[in-house]
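Here's the letter readout for the chains.
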Amino acid sequence: MVNIAVIGAGYVGLVSGACLADFGNSVICVDNHAEKINRLLKGIIPIYEPGLEDVVARNVRAGRLSFTTDFEGAVKKSGAVFIAVGTPPAEDGGADLRYVEEAARGAGRAMERYTVVVDKSTVPVGTARRVQSWVQEELDKRGEAIPFDVVSNPEFLREGTAIHDFTHPDRVVIGSESGKARELMKEVYRSLYLNETPYIETGPESAEMIKYASNAFLAVKISYINEIAGLCEKTGADVQMVAKAMGRDGRIGPKFLHPGPGYGGSCFPKDTRAIAKTGRDRGSPLFIVEAAMEANERQKKRMVEKICLGLTSAPGPNPESPVRGTAGPLDGKTIAVLGLAFKLNTDDTREAPAIDICAELVRRGAKLRVFDPAAMEEAARRLEPAKDAVYFAADEYDAVEGTDALVIVTEWHQFRGMDLGKVREKMTAPLPCFFDLRNIYKREEAEEAGFSYWGVGR
């Protein structure tokens, strides 16, 4: 058991703190937002993440997890200090490390004994060395010679499945040159070590690169299949069959070969920009990553053009004879949009394709009726400039009332089993368009229900 202070009670910090406590460690989550801490002390979880509330409650009851705004007190009680603060994108595309620096300097001002400072936040290559310097500078100001080590321990959490990802990881990456620090980290993750979870022990620079390289590769894979989907639409091929066959190849694998409106969220957009900037700064540009970023922006625009084309031209394409045309304005059109979060099982709308798509549809003259099971509050904030043209519906059936078209942007499970007959009855267009941007319905069932069906790559 290790006494741990987790600095930052946001998404990564709260999930990490709760799961580390579940492993048997004693964890104090620290945040300078008093309101957030007060809510956590009352058992109110500030983020939407399935299973997190139960893990937090269980470990609070067991006395292994607590919350405070007392940064100094938490560090003094801890042998490991996890930095899990935000690293928002800077204006130049890199990562803004001001909060990481604040946390590192705070640890240097507060520690009283040997401490391992752990970078859990996603940070550029070289940050561990900077954290080492920041902590040491504060110790020098105090005139203290307290020993400490810095470890890079990147997280690989997917929103919506973060609890499972933390407790059943594919690997645990420990980036440190200190054998003592590595041994302490193995004690922190003792439950996983006993379960023979693969440990990757490496230097801090490699650990930092592992996180960025992993996310960038997945983003490339998404952009690749989205571009293949566009080519399938031009040739009459079915991207789902193409992706299925590709995924059977062990060298490729089936994951992240699902075409859609583009990637979003708090990780892929930010991390691809950050690693691309690192490449440019170091004289080794990542042309493939740069291309994937450009392709992702094009994909969102392509979805808007698809919707405009469907609503202003002939009925949608079929595999035998794709219809071509020119997109037109959407004045007088009312569109239902289902799914506003960047993926299912989260309320995160950061860089969500749905937000960009909605904003552009409004700009082109459409009125929207939107619904998401978890992200309505977040989406309302991001769509504030277009609020006069957006109605936030009570559910999916309320959203389609009196509309000309239906757009599914996020594949929430409840959208997969809708009564299409009921949906069709509520819509007003003679032949309403069904834009299935996640390919969760079959063309045949949509057309039998009276829709003009438009998928992605099929």
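Our subject is the structure listed above.
Okay, so let's go over this structure.

What counts and how
- Residues numbered from 1 in each chain as written.
- Predicted model: local features only at pLDDT ≥ 70, side-chain atom pairs only at ≥ 80, totals over all residues.
- Heavy atoms only, no water.
- Helix = DSSP H or I, 4+ residues; strand = E, 2+ residues; numbered from the N terminus.
- Rg over C-alpha atoms; globule rule 2.2 N^0.38 Å.
- Buried < 20%, exposed > 50% of the residue type's maximum accessible area, 1.4 Å probe, protein only.
- Areas by Shrake-Rupley, 256 points an atom, 1.4 Å probe, with all protein chains shown as cover.
- Lys, Arg positive; Asp, Glu negative; His and termini not counted.
- Charge placed at Lys NZ, Arg CZ, Asp CG, Glu CD.
- Pairing = 2+ DSSP bridges.
- Axes fitted to C-alpha atoms, helices over the stretch in contact; angles between N-to-C directions.
- Parallel < 35°, antiparallel > 145°, perpendicular 65-115°, else oblique.
- Left-handed = near helix turned anticlockwise from the far one by under 90°.
- Contact = heavy atoms within 4.5 Å.
- Nonpolar A, V, L, I, M, F, W, Y, C, P; charged D, E, K, R; others polar.
- Expected span 1.5 Å × (residues − 1).

The next subject is the overall build of the protein. Secondary structure summary: the protein contains 19 helices and 14 strands in total. A compact globule built from 458 residues would reach a C-alpha radius of gyration of about 23 Å, and the protein, at 24 Å, matches this within 12%. Taking the principal axes of its C-alpha atoms as reference, the protein extends roughly 75 × 50 × 40 Å. Of all 458 residues assigned to the protein, the portion counted as buried reaches 55%. Looking at the protein as shown, the accessible area adds up to about 20000 Å², and 50% of this sits on carbon and sulfur atoms. When the 59 basic and 66 acidic side-chain charges of the protein are each reduced to a single mean position, those positions are 1 Å apart.

A separate point is the pairing of strand β7 (residues 172–175). Of the two faces of β7, the one lined by Val 172 and Ile 174 and the one lined by Val 173 and Gly 175 are each fully buried. Here β7 runs beside strand β8 (residues 199–202); their pairing, made up of four bridges, is parallel. For Val 172, the partnering residue across the bridge sits in β8 and is Tyr 199.

On to unusual backbone geometry. For Glu 196, which is not a glycine, the phi torsion comes out positive at approximately 65 degrees. One can find Glu 196 in the loop between α9 (190–194) and β8. By relative accessible area, Glu 196 is classed as exposed at 70%.

Before going further, it helps to examine the packing of helix α1 (residues 11–22) against helix α3 (residues 52–61). Their axes nearest at 9 Å, the elements α1 and α3 cross at an angle of 50 degrees. If you check the angle between α1 and α3, you find them oblique. Every pair of crossing elements has a handedness; the one defined by α1 and α3 is left-handed. Only Leu 52, Val 55, Val 56, Arg 58 and Asn 59 of α3 make contact with α1, whose side of the interface consists of Leu 14, Val 15, Ala 18, Cys 19, Ala 21 and Asp 22. Residues of the contact of α1 with α3, tallied by class, amount to eight nonpolar, one polar and two charged.

The end-to-end C-alpha separation of helix α5 (residues 98–110) is 18 Å, in line with the 18 Å expected for 13 residues at 1.5 Å each. Among all positions in α5, only Val 100, Ala 103, Ala 104, Arg 105, Gly 106, Ala 107, Gly 108 and Ala 110 are buried.

Read across the sheet, six strands follow the order β11-β10-β9-β12-β13-β14 without closing on themselves; strand pairing throughout is parallel. Edge positions in the open sheet fall to β11 (390–392) and β14 (452–454), since each of these has one partner strand only. Each neighbouring strand pair of the sheet contributes to a mean axis angle of 20 degrees, computed without reference to strand direction. As paired strands, strand β10 (residues 367–371) and β11 are joined by three bridges and run parallel to one another. Residue pairing in the sheet places Arg 369 in a bridge with Tyr 391 of β11. Sheet contacts for helix α13 (residues 287–312): β9 (334–338), β12 (405–408), β13 (433–436) and β14; angle to β13, the most-contacted strand, approximately 165 degrees. Seen against the sheet, helix α14 (residues 353–363) touches β9, β10 and β11 and runs at an angle of roughly 160 degrees to β10.

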